[in-house]
Amino acid sequence: MLKITIKDKLTGETKELNIKRTLSGDYMLREHPEIDIMVLPEKNKVLVLPKDMQTEPVYRLQDDLFKYLVSKGVILPDTVVGGNIYGSLEGQYVPQPPGGENPVQAVVYSLANFIEDQRPAYTYHQEYEKQREKELLNPPEESATELGEIPQEPFKGSVPKYGFPSRGIYRYNY
Amino acid sequence: MKHNKKRNSAFLYEALTREATRATLHKEADKVRFITQLVKENFRSDTEMGKELKLYRELEQDTVDMDIADKFLIEVKNRHDKLDKKKLFVEQSNVISMINKKLGVSVYNNFIPNYKHIATISQIFGDSTSVKEKILLESSIIDFIKKKDVIIEEQSLKPIDNIVYNMFAKKFNEKYSSLISEQKQMLTNYVGSFADEGLQFKAYLNEEIGRMKKEIQTIKTFDVITSDTFLTEKSEKLLEYLNGFSKVREIKEDTLQKLMKIQQFIHEVKN
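Not measured: the values here are computed from a predicted model.

A. Region of interest: the overall build of chain A. Scanning chain A for helices and strands turns up two helices and nine strands. Going residue by residue from the N terminus, the α and β elements of chain A occur as β-β-β-β-β-α-β-β-α-β-β. Burial statistics for chain A: of 174 residues in total, 22% are counted as buried. When contacts within chain A are restricted to residue pairs at least 6 apart in sequence, long-range pairs at least 24 apart make up 39% of them.

B. Here's a closer look at the overall build of chain B. The number of helices and strands found in chain B is 14 helices and zero strands. Each helix and strand of chain B, ordered N terminal to C terminal, gives the series α-α-α-α-α-α-α-α-α-α-α-α-α-α. Burial analysis of chain B (271 residues in total) assigns 19% to the buried set. If you take every contact in chain B between residues at least 6 apart in sequence, the share linking residues at least 24 apart comes to 67%.

C. Summary view of the interface of chain A and chain B. With 15 residues of chain A at the interface, the matching set in chain B holds 15 residues. At the level of elements, β4 (35–40) and β5 (45–50) of chain A are the ones that each hand at least two residues to the side of chain A that touches chain B. By residue number, the principal contributor to the side of chain A that touches chain B is β4(A), which donates three residues. Grouping the amino acids of the side of chain A that touches chain B by side-chain chemistry returns seven nonpolar, five polar and three charged.

D. Quick look at helix α11 (residues 199–219) of chain B. Helix length check: α11(B), at 21 residues, gives a terminal C-alpha distance of 30 Å against a target of 30 Å (1.5 Å per residue), a fit within 8%. In the core, the buried residues of α11(B) are packed alongside β3 (27–29), β4 and β5 of chain A together with α10 (181–191), α13 (229–243) and α14 (253–270) of chain B.

E. Representation of the pairing of β4(A). Residues and elements named next belong to chain A. Counting buried residues in β4 gives six out of six residues, a clear majority hidden from the surface. Both faces of β4 are covered, namely the face carrying I35, I37 and V39 and the face carrying D36, M38 and L40. Relative to β4, β3 runs antiparallel, the two being bridged by three bridges. Across the sheet, the residue bridging to Y27 is V39, located in β4. Counting the residues in the hairpin turn of β3 and β4 gives five residues. As paired elements, β4 and β5 share six bridges and run antiparallel to each other.

F. Highlighting the nonpolar core. With 40 residues, the main nonpolar core has M38(A), V46(A) and V48(A) as its most contacted residues. Listed by contribution, the elements that provide at least two residues to this core are β3, β4, β5, α1 (56–71) and α2 (103–137) of chain A together with α11 and α14 of chain B. It is α11(B) that contributes the most residues to this core, eight residues altogether. Dropping the residues within four chain positions of it, V48(A) is found in contact with I35(A), I37(A), Q62(A), L65(A), S88(A) and L89(A). Core analysis: the second largest hydrophobic core is formed by 21 residues, L16(B), L59(B), I121(B) and I145(B) among them.

G. Fine view of unusual backbone geometry. Phi angles above zero are rare outside glycine, and N44(A) is one such case at about 55°. Residue placement: N44(A) occurs in the loop between β4 and β5. What makes N44(A) partly exposed here is the crowd of 18 C-beta atoms within 10 Å. Non-glycine residue K27(B) carries a positive phi angle of around 55°. Inspection of the secondary structure assignment puts K27(B) in the loop between α1 (9–25) and α2 (29–42). Judged by local crowding, K27(B) falls into the exposed class, with 8 C-beta atoms found within 10 Å.

H. Geometry of helix α9 (residues 162–176) of chain B. In a regular helix each residue adds 1.5 Å, so 15 residues correspond to 21 Å; α9(B) covers 21 Å between its end C-alpha atoms and thus fits that length. Within α9(B), only zero of the 15 residues are buried, which leaves the element largely exposed.

I. Seen up close, the environment of Y204(B). Residues and elements named next belong to chain B. Along the chain, the position of Y204 falls in helix α11. Residue class for Y204 comes out buried when judged on the 23 C-beta atoms lying within 10 Å of it. For the pair formed by Y204 and Q185, sequence separation is 19 residues and the distance between their alpha carbons is 9.4 Å.

J. Spatial organisation of the environment of R22(B). Tracing the backbone shows R22(B) in helix α1. Through-space distance from the C-alpha of R22(B) to that of N110(B) is 9.7 Å; in sequence the pair is 88 residues apart.

K. Layout of the packing of helix α3 (residues 48–58) of chain B against helix α4 (residues 69–81) of chain B. Residue and element names in this part refer to chain B. Taken N-terminus to C-terminus, the directions of α3 and α4 make an angle of 170°; their axes are 10 Å apart at the nearest point. Regarding the angle of α3 to α4, the classification is roughly antiparallel. In contact with E52, L55 and E58 of α3, α4 contributes V76, R79 and H80.

Calculation rules
Residues numbered from 1 in each chain as written. Chains lettered and ligands numbered in written order. Predicted model: local features only at pLDDT ≥ 70, side-chain atom pairs only at ≥ 80, totals over all residues. Helix = DSSP H or I, 4+ residues; strand = E, 2+ residues; numbered from the N terminus. Buried ≥ 20, exposed ≤ 12 C-beta atoms within 10 Å, placed from the backbone. Contact = placed C-beta atoms within 7 Å. Nonpolar A, V, L, I, M, F, W, Y, C, P; charged D, E, K, R; others polar. Expected span 1.5 Å × (residues − 1). Pairing = 2+ DSSP bridges. Core = buried A, V, L, I, M, F, W, Y, C linked by C-beta atoms within 7 Å. Axes fitted to C-alpha atoms, helices over the stretch in contact; angles between N-to-C directions. Parallel < 35°, antiparallel > 145°, perpendicular 65-115°, else oblique.

It is worth stressing that arrangement in space is one thing and function is another; only the former is reported here.
Here is the structure:
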């Protein structure tokens, strides 16, 4: 596990990012709650995978990430494609930039910035979910009734408590 | 040197207690009850087996002073000589018979960590061991009693016996020697995938499937394939399967086997 601290020279702000380096030399960024990011220096590639299911918001997030990397000039725009495995999206970076910069550093720096930009949004979302659950399980006084648990009536409106009897509806007896 | 482990009271006791532990873990209440009863009945302090077990326990200690270790061993041997051997034989036969009939011979295969030590003690107690061997065994037991701490330290530095390691390596190589390098690499990645929730394995698969697709595209142009409609169709199907792999959410063992077969196919056609 590597802990990378990025310091802004102008503002003096620092950003910390946890990165794992595998034995094969790849870098894993797993801080984001929705996606896992891998930087594969051997293939000059960034691979983004969903942590769980590939849903519309997750795809949008992956797309946003690559748009961000392309806008920063880190990833080549024409190389962003769907990967060979479930829910993956990948893009390539230039192996040897003409200016002699280290491409892996540039990629990791941009990824750190993206995750940092995203952090308020997903922290807010997580907190909102927690708060909502808390309110539902332990509602405040004004949202609760004085009667405690109210048993369900045998007939509530037009819907019977145990559903409609299916037997005999069409004059069939099973 | 021959050693009949079934006639070793300490071994029978250890094997039964381990079997009881195993049965407890598997929630086999009847079996546990039966073993507990068997041990209680046959290893009581007034039975010959119980007395013999106590003598084995004496020689497993490491609290004996260096000066009195010899005398200690002689005293233990004297007490063993006083045991009623016929009664001991009958009791052991009874336990062996109950194990064979009710529990099965697999009980004897239970791993006993200090088996080597209790086998040595058994040979010291036995009459069939030659004088020379007996003296050598006795000296090793005395060393054990005196220097148990040192032995443990030495063992901790050498965790696996060379023979065990060589056997393991030999069996592993025998089993997997037929695999090609790509298959070995896939297996290695799969085995290691549990550490990081499969992230690195997924990254590896992403690249490997890309490689396989390219290889099959190339293979499709080979004369052997183009001249045979059956092989062309099958190659198309393989390519279809690999293209559809991005829809496979969970990678199970059968998926892995299929991928390894495709690797084998590519390897065979290319060579």
